[in-house]
Amino acid sequence: MKLYKFWVTENQKILIDDEIPQEITCHGGSNISVEDARTKALEKIEKVKRKIHGEKHLFDEYEVEIREEILQIIDDHSAITRNRYGARVLNVENLMILDIDKPKVAGGLGGLFKKKDTRSPKDQMFDMVRDLARTKYKELGFRIYETFQGARVIVLGRDFDPGNHETRTIMNEFNCDPLYATLCQKQECFRARLTPKPQRMKMRRHKVQFPRQGDDPELQQWITEYENESRSFCVCKFVEQVGASYPLSEVIRLHDDLTGANYRQPLA
């Protein structure tokens, strides 16, 4: 999981196509020390220079850091951060979380002659999970949640490696959002938003920069307003658990509590 306690920002002017020097900014993260973070930032600057000078595929296998403030370390494999628009986010190394925004469309010519599906898009997503839980993945448990956009599913019964080919195959089979699946692989973790998106609460947005220098009273005031407003909304609503039966971990209990999964509040 690409989460770090120490961050350093380095700026450096570089020549691009032998023209006027342009300043670039690179951030370095580390769990060892500030100096180690500075070294990582300087290494990135050197890589940028090399890429500019022709090493085209230098960043192809780059694993994306989660450049967010750590709010809570839950255990060795999970933590809560604050993202760029202010929401709290659960980051877990091996608890598979699926983000499904659209129903799966039947492929081939067969899909053209099927009777029109009268179920709502969300019901189609829920039923897809139920079907796979009863057939191909009977040994696993699936907690289904309704989200503002679609469905969130937490998979129980075993650990999953976010970068593993099998994991990507399962995510594709459940029609998981492709961008989310790619980020899971790049960031070496699964993620789930715990608090609402500001715009869905009709609240003014505030870009949360991290790392940041010194205190930011305006940001702190915004966060206070945001956290207060968030109490009137939920991020997901628990629908049901299907498949094999497994006890809930403390991480899942915390997820349900912070998202308001069992409360009757508007989704946001």
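Residues numbered from 1 in each chain as written. Predicted model: local features only at pLDDT ≥ 70, side-chain atom pairs only at ≥ 80, totals over all residues. Heavy atoms only, no water.

## With respect to the sheet that holds strand β6 (residues 97-100)
In a beta sheet, neighbouring strands are held together by backbone hydrogen bonds and run either parallel or antiparallel to one another. The four strands are arranged β6-β8-β7-β10 in an open sheet whose pairing can be described as antiparallel. Of all the strands in the sheet, the pair left with one neighbour each is β6 and β10 (236-243). The average angle at which neighbouring strand axes cross in this sheet is 20°, direction not considered. As paired strands, strand β7 (residues 141-147) and strand β8 (residues 151-156) are joined by six bridges and run antiparallel to one another. Paired with Tyr145 across the strands is Arg152, a residue of β8. Relative to the sheet, helix α2 (residues 121-134) contacts β6, β7, β8 and β10, its axis offset from that of β7 by approximately 175°. (Pairing = 2+ DSSP bridges. Helix = DSSP H or I, 4+ residues; strand = E, 2+ residues; numbered from the N terminus. Axes fitted to C-alpha atoms, helices over the stretch in contact; angles between N-to-C directions. Contact = heavy atoms within 4.5 Å.)

## Some thoughts on the nonpolar core
Residues Leu98, Ile100, Phe142, Phe174 and Phe190 are the most contacted members of the largest nonpolar core, which totals 40 residues. Ranked by residue count, the leading element in this core is α2, at six residues. Sequence-distant contacts of Ile100, defined by excluding residues within four places in its chain, comprise Met125, Met128, Val129, Gly150, Ala151, Val153, Phe174, Asn175 and Cys176. In this structure, Tyr85, Ala87, Trp222 and Ala268 belong to the second largest nonpolar core, which totals eleven residues. (Core = buried A, V, L, I, M, F, W, Y, C linked by side-chain atoms within 4.5 Å. Buried < 20%, exposed > 50% of the residue type's maximum accessible area, 1.4 Å probe, protein only.)

## Details of helix α1 (residues 34-52)
Between the first and last C-alpha of α1 there are 27 Å, a value that for 19 residues agrees with the 27 Å anticipated at 1.5 Å per step. What α1 keeps buried is the set Asp36, Ala37, Ala41, Lys44 and Ile45. On the buried face of α1, the contacting elements are β1 (6-14) and β2 (22-30). At the exit of α1 stands Gly54, carrying a positive phi of roughly 120°. (Expected span 1.5 Å × (residues − 1).)

## Topic: the environment of Thr25
Turning to its location among the elements, Thr25 is positioned in strand β2. When the C-alpha positions of Thr25 and Lys44 are compared, they lie 9.4 Å apart, and in sequence the two are 19 residues distant. Apart from residues lying up to four places away in sequence, Thr25 is in contact with Thr9, Glu10 and Asn11. Polar contacts involving the side chain of Thr25 include one to the side chain of Asn11, which spans 2.6 Å. (Polar contact = N/O pair within 3.5 Å; in protein donor to acceptor, adjacent residues only side chain to side chain.)

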